[in-house]
Each structure stands twice: as C-alpha cells, then as structure tokens.
Amino acid sequence: MKFILEAGLTLSLFLSPIQADVFSGTVLVRDLSYIDVVAHRGASGYAPENTFAAFDKAVQMGADYIELDVHRSKDGELVVIHDSTVDRTTDGSGKVGELTVEELRALDAGSWMGDAFAGETIPTLDEVLDRYYGKIGLLIELKTPDVYPGIEEEVAEMLKERNLDRPQDEEIMIQSFNFESMKKMKQLLPDVPIGVLTSSRTDTSDEALKEFATYADYFNPQYGLISQTLVDRAHAHGLKVGSWTVRNRKTANLLIAAGVDAIITDYPDYVR
Ligand code: G3P
Ligand code: CA
C-alpha cells in the first residue's frame, strides 16, 4: 500500500528517515509496516541492554520485537545478559555460568549507563516471558549454547509449559550463531521460527542458504553483508532476512532499500 504525499520539496532516499521516491513535486512515501522492528537487547540505545528498562522502552516505542540474549547460571537458571561475564554491564565480576541466580540478581545492571538506571537487575528468561509475552514479540538468542549443554531442551520446555510452542504469528522466535544448536531447536520446536546469525561471507553462498533453509526460517546476517542480491537469493530459498545491528539512520535506509524483512536495532525509532 502506498500513500501519495504532495510536496514541493525534494527528498533523498538515503538522507531522509522517510522512504521516498521523488517525482517532480510529488513524493511517494512507502508504508514500511511490513518490516519488523526488533529492539536489540531492548531499546539499548536509550536504556541499559537486556534489562526491564530497555525492554519497557522498546514496548513504549512501538517496536515489534525485543531481542534478548540467554546464558545459564551456575545453578541452572536461564538468565538474560549478553556477555559471558558480568563485568561490562554490572557492578560485579566473573563468569555468568560461575555465579548463582541469587548472586546474579544482586548485581546492579543499570548504573553503568547512568544513575537513572541504578537498581536494574539481570532478568531471568522466565521473568521476561511472563512480563512481555503478548505485549511485544520476543527474539530469543541462545549465546554460546555449546557452553551450556541441554539449554535447547530447557528453552523448549519453558515455552511448552506456557503453550508458546505453537504457531502464534511469530510472536516468539529463536536465533543463534550456533547452527547445530538451531537445527536441534527446530526439531524440538517445529512451529517456532528459527534464525541463523552470521557475520561471515562464506555463509552467504547459495549452498549455505540452501542448507539453512532445511531448518531455519530467518537468515540474519550482519548488515555489512547485506545487498539486494543477497536478500533476493535468501528469499528465493524461502528464508526471511533480518539484519543487525543498526545504530544510525543511514544503515536503516540501506537495509530497507535492500528489501530486508526485519531490522535489529538499538534505536527502534530509526526504522520508521
Ligand atoms: O540479533 C543480532 C545480534 O544480537 C547479534 O549480535 O553480539 O549483539 O548478540 P550480538
Ligand atoms: Ca543478541
């Protein structure tokens, strides 16, 4: 669907947040609602990544999904944090997998980004599912699943307990850089969309795309790999394309022009 906006000015596709085709004095503004806006680690440009503050901000900004990273604590709880250590994003130190959930929850995961966020904590996956399912889509990334044997079964069980393992308009998706883990995930949860993440050009060959399409629904390359040709080839293999991590409007516009289906960004407002 397209809207025609009469305007006496010239807009450039790559300079404007509005996607426009320019004719003499007439601007065609494209409806971009077909693109899923994924708030990377929540709206992490505005609030500390992988915290309720960042996830709440994403909901408030109207993103379609929050993306979140999952590790496992020493005592077996699935927790939401990006790095394998707590050093960068909390006031503590040490490996996530060597701390209990109680120890992890005692850490301040917000102050590093500003006093206004003091007291933010590392959420558990349970808490995120309970608080956000139904409010916003969830893109769950399994971080280094090889370090946490059995994590695929645990995530699958958690979703099944909540009846979230059935087709529900892609409200839950799972992704990883670990392709074997995602193959396993598809076997465990055949109705949940699976994404493969990559920053490697070797994973963009037709042979690689064909293999991904045997178990994945989304091909999610780093934005530097994206071209319209790659998006078209992925689509021809039946894969949707999500790309990351957008931190400026110019990159968002390039991805939109290339025809991606989802944009994973720290700044949800840069896409629409
Ligand atoms: O969702 C894509 C992106 O999250 C992958 O990179 O390091 O931010 O988890 P990273
Ligand atoms: Ca991630």
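What counts as what
- Residues numbered from 1 in each chain as written.
- Chains lettered and ligands numbered in written order.
- Predicted model: local features only at pLDDT ≥ 70, side-chain atom pairs only at ≥ 80, totals over all residues.
- Heavy atoms only, no water.
- Phe/Tyr/Trp six-rings, centres within 6.5 Å; stacked < 30°, edge-to-face > 60°.
- Helix = DSSP H or I, 4+ residues; strand = E, 2+ residues; numbered from the N terminus.
- Buried < 20%, exposed > 50% of the residue type's maximum accessible area, 1.4 Å probe, protein only.
- pLDDT = per-residue confidence, 0-100.
- Contact = heavy atoms within 4.5 Å.
- Near = heavy atom within 4 Å.
- Polar contact = N/O pair within 3.5 Å; in protein donor to acceptor, adjacent residues only side chain to side chain.
- Areas by Shrake-Rupley, 256 points an atom, 1.4 Å probe, with all protein chains shown as cover.
- Nonpolar A, V, L, I, M, F, W, Y, C, P; charged D, E, K, R; others polar.
- Arc of directions from axis to C-beta.
- Donors = N, O, S within 2.8 Å, 3.2 Å for Na, K, Ca; no water.
- Core = buried A, V, L, I, M, F, W, Y, C linked by side-chain atoms within 4.5 Å.
- Pairing = 2+ DSSP bridges.
- Right-handed = clockwise from strand over helix to strand, strands pointing away.

## So, the packing of aromatic side chains
Any two aromatic rings considered together are summarised by their centre-to-centre distance and by the angle between their planes. Under the criterion given, the structure shown has 7 aromatic pairs. Summarising the aromatic geometry, the rings of F177 and W244 are spaced 5.6 Å apart at their centres and angled 90° between planes, so their arrangement reads as edge-to-face. Taken together, the residues span a long stretch of sequence, with F177 in the loop between β8 (172-176) and α5 (179-188) and W244 in strand β11 (residues 240-246) at a distance of 67 residues. Classification of F177 as partly exposed rests on a relative accessible area of 38%. You can call W244 buried: its relative accessible area is 15%. Taking 4.8 Å as the distance between ring centres and 70° as the angle between the ring planes, the aromatic pair formed by F179 and F212 counts as edge-to-face. Of the two residues, F179 sits in helix α5 while F212 sits in helix α6 (residues 206-212), which places them 33 residues apart along the sequence. Residue F212 is classed as buried on the basis of its relative accessible area of 3%.

## Focus: the confidence of the model for the chain
Within the chain, residue pLDDT values average 92, and 90% of them lie at 70 or more. The model gives residues 1-24 a pLDDT under 50, and that stretch makes 48 contacts with residues more than four places away or in other chains.

## Describing the site of ligand 1
Taken together, H40, R41, E67, D69, H82, E141, K143, Q175, F177, L197, W244 and I264 make up the full set of residues near ligand 1. A distance of 3.4 Å separates an oxygen atom of ligand 1 from a polar atom in the side chain of D69. Burial of ligand 1 by the surrounding chains reaches 91%, relative to a free accessible area of 290 Å². Grouping the constituent residues of the shell around ligand 1 by class yields 4 nonpolar, 3 polar and 5 charged.

## With respect to helix α3 (residues 125-132)
Listing the buried residues of α3 in full gives L125, V128, L129 and Y132. The buried residues of α3 occupy an angular sector of 100° when projected down its axis, which confines them to one face. On its buried side, α3 packs onto α1 (52-60), β5 (65-72), β6 (78-80), β7 (137-142), α4 (151-161) and β8. Looking at the residues trailing α3, positive phi occurs at G134, about 95°.

## Section: the coordination of the calcium ion (ligand 2)
For the calcium ion (ligand 2), every protein donor is listed as E67 (OE), D69 (OD) and E141 (OE), and the spread of their distances is 2.0 to 2.2 Å. Along the chain, the residues that donate to the calcium ion (ligand 2) are spaced as E-x1-D-x71-E. Like D69, E67 is buried.

## Structural notes on unusual backbone geometry
Look at the link from W244 to T245: it is a cis peptide, with omega at -15°. Within the secondary structure layout, T245 lies in strand β11. You will see that N163, though not glycine, has its phi angle at about 60°, which is positive. Its location among the elements puts N163 in the loop between α4 and β8. Among the residues examined, N163 registers a relative accessible area of 40% and is labelled partly exposed.

## Section: the environment of D83
Examined against the element boundaries, D83 turns out to sit in the loop between β6 and α2 (101-105). A relative accessible area of 17% means that D83 is categorised as buried. Once the C-alpha coordinates of D83 and D69 are considered, the two residues, 14 residues apart in sequence, prove to be 8.5 Å apart. Discounting residues that sit within four places of it in the chain, D83 has contacts with H71, R88 and V96. Polar contacts involving the side chain of D83 include one to the side chain of H82, which spans 2.7 Å.

## Observations regarding the nonpolar core
Formed by 58 residues in total, the largest nonpolar core has its most connected members in I66, L68, I140 and I174. Here I174 is in contact with L139, I140, L142, V155, L159, M182, M185, L189, V192, P193, I194 and G195, once residues within four sequence places are set aside. Judged by nonpolar contacts, the second largest core, of 10 residues, contains I81, L104, A109 and I122.

## Structural notes on the pairing of strand β12 (residues 262-265)
A regular strand carries its side chains on alternate faces of the sheet. Residues A262 and I264 line one face of β12 and the alternating positions I263 and T265 line the opposite face, and both faces are buried. The sheet contact formed by β11 and β12 spans 3 bridges and is parallel. The residue bridging V246 from the neighbouring strand is T265, located in β12. Chirality of the crossover, the property in question, places the unit of β11, helix α8 (residues 249-258) and β12 among those that are right-handed.

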